[in-house]
Amino acid sequence: MPTCQNCQKQWSWKDSQKAMFQFKKGMKCPYCGVTQYQTSDSQKRTSLVGMAPLLALPIVSLFDSWTITIVIILLASLSYLAVIPFFMKLSNKEELMW
Ligand SMILES: [Zn+2]
């Protein structure tokens, strides 16, 4: 789980989810209100995890049904959102991804 670099409080899974959905440039710490950024390592990791649903595509193409395709893609995106807080690391400064 991500830890705020300003107040050292660990964000809960729910906090991280909330922060992610207002993800513009930074995420406001729910405890101290200071804007936190993802470290470049963390950005790399989260975008790598983001590719994971794409791995489901070959499986999806086995089914000749749009309903199943949509359900699988939906499940893949939901599980992506669920695990992402575990990969997030925070920084006080904005870091470039590469
Ligand atoms: Zn904080």
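As the structure is a computational prediction, the values presented were derived from the model and not from experiment.

## Description of the overall build of the protein chain
Link 1 in the chain: When helices and strands are tallied, the protein chain shows four helices and three strands.
Link 2 in the chain: Along the chain direction, N to C, the helices and strands of the protein chain fall in the order α-β-β-α-α-α-β.
Link 3 in the chain: Against the 2.2 N^0.38 benchmark of 13 Å for 98 residues, the protein chain shows a C-alpha radius of gyration of 16 Å, more extended than a compact globule.
Link 4 in the chain: Counting only residues that meet the buried cut, the protein chain has 30% of its 98 residues in that class.
Link 5 in the chain: Sequence separation of 24 or more characterises 63% of the internal contacts of the protein chain that already satisfy a separation of 6 or more.
Link 6 in the chain: If you sum the accessible surface of the protein chain, you get close to 6700 Å²; carbon and sulfur atoms cover 65% of it.
Link 7 in the chain: Computed over 10 positive and 5 negative side-chain charges, the inter-centroid distance for the protein chain is 10 Å.

## Looking at the coordination of the zinc ion
Ideal geometry at a metal centre gives angles of 109.5 degrees when four donors are arranged tetrahedrally and 90 or 180 degrees when six donors are arranged octahedrally.
Link 1 in the chain: Looking at the metal site, the zinc ion is ligated by Cys4 (SG), Cys7 (SG), Cys29 (SG) and Cys32 (SG), spaced 2.3 Å from it.
Link 2 in the chain: Around the zinc ion sit four donor atoms, and with donor-metal-donor angles ranging over 104 to 116° the site reads as tetrahedral.
Link 3 in the chain: All donors of the zinc ion come from a single chain, and their spacing in sequence reads C-x2-C-x21-C-x2-C.

## Things to note about a nonpolar patch on the surface
Link 1 in the chain: Together, Met51, Leu54, Leu57 and Ile73 make up a nonpolar patch on the protein surface, roughly 370 Å² of accessible area in all.
Link 2 in the chain: Within the secondary structure, Leu57 sits in helix α3 (residues 57–60).
Link 3 in the chain: Of the residues examined, Leu57 reaches a relative accessible area of 40% and is grouped as partly exposed.

## Comments concerning the nonpolar core
Link 1 in the chain: In this structure, Cys4, Trp11, Ala19, Met20, Met27, Cys29, Val49, Ile84, Met88 and Leu90 together form the largest nonpolar core, which totals 10 residues.
Link 2 in the chain: Leave out the neighbours within four places in its chain, and Met88 touches Met1, Pro2, Ser16, Met20, Met27, Gln38, Ser42 and Thr46.

## Topic: the sheet that holds strand β2 (residues 35–38)
Link 1 in the chain: Across the sheet, three strands lie side by side as β1-β2-β3; this open sheet has antiparallel pairing. Across the chains shown, the open sheet's two edge strands, defined by having one partner strand only, are β1 (27–28) and β3 (90–91).
Link 2 in the chain: Where β2 lies against β3, two bridges are found, and the strand directions are antiparallel. Considered in β3, the bridge of Gln38 is made with Leu90.

## Looking at helix α4 (residues 66–83)
Link 1 in the chain: Counted at 1.5 Å a residue, the expected span for α4 with its 18 residues is 26 Å, and the 26 Å between its end C-alpha atoms agrees.
Link 2 in the chain: With a side-chain oxygen positioned 3.3 Å from the backbone nitrogen of Thr67, the residue opening α4 is Ser65.

## Considerations on unusual backbone geometry
Residues other than glycine predominantly adopt negative phi, and peptide bonds predominantly adopt the trans conformation.
Link 1 in the chain: The phi angle at Gln8 is positive, at roughly 65°, despite the residue not being glycine.
Link 2 in the chain: By the element assignment, Gln8 lies in the segment before α1 (13–21).

## Examining the UniProt feature "transmembrane region" (unreviewed entry) in the protein chain
Link 1 in the chain: Taking the UniProt record as the reference, the feature "transmembrane region" (unreviewed entry) is found at residues 46–63 and 69–88.
Link 2 in the chain: Each end of residues 46–63 is marked by a C-alpha atom, and these two atoms are 28 Å apart; helix forms 78% of the span and strand 0%.

Reading the values: the criteria
Residues numbered from 1 in each chain as written. Predicted model: local features only at pLDDT ≥ 70, side-chain atom pairs only at ≥ 80, totals over all residues. Heavy atoms only, no water. Helix = DSSP H or I, 4+ residues; strand = E, 2+ residues; numbered from the N terminus. Rg over C-alpha atoms; globule rule 2.2 N^0.38 Å. Buried < 20%, exposed > 50% of the residue type's maximum accessible area, 1.4 Å probe, protein only. Contact = heavy atoms within 4.5 Å. Areas by Shrake-Rupley, 256 points an atom, 1.4 Å probe, with all protein chains shown as cover. Lys, Arg positive; Asp, Glu negative; His and termini not counted. Charge placed at Lys NZ, Arg CZ, Asp CG, Glu CD. Donors = N, O, S within 2.8 Å, 3.2 Å for Na, K, Ca; no water. Tetrahedral: all angles 85-135°; square planar, octahedral: opposite > 155°, others 65-115°. Patch = residues over 30% accessible without salt bridge, like charges linked within 9 Å, V, L, I, M, F, W, Y side chains within 5 Å. Salt bridge = Lys/Arg side-chain N within 4 Å of Asp/Glu carboxyl O. Core = buried A, V, L, I, M, F, W, Y, C linked by side-chain atoms within 4.5 Å. Pairing = 2+ DSSP bridges. Expected span 1.5 Å × (residues − 1). Polar contact = N/O pair within 3.5 Å; in protein donor to acceptor, adjacent residues only side chain to side chain. UniProt positions renumbered as here; feature names shortened; annotations may be inferred.

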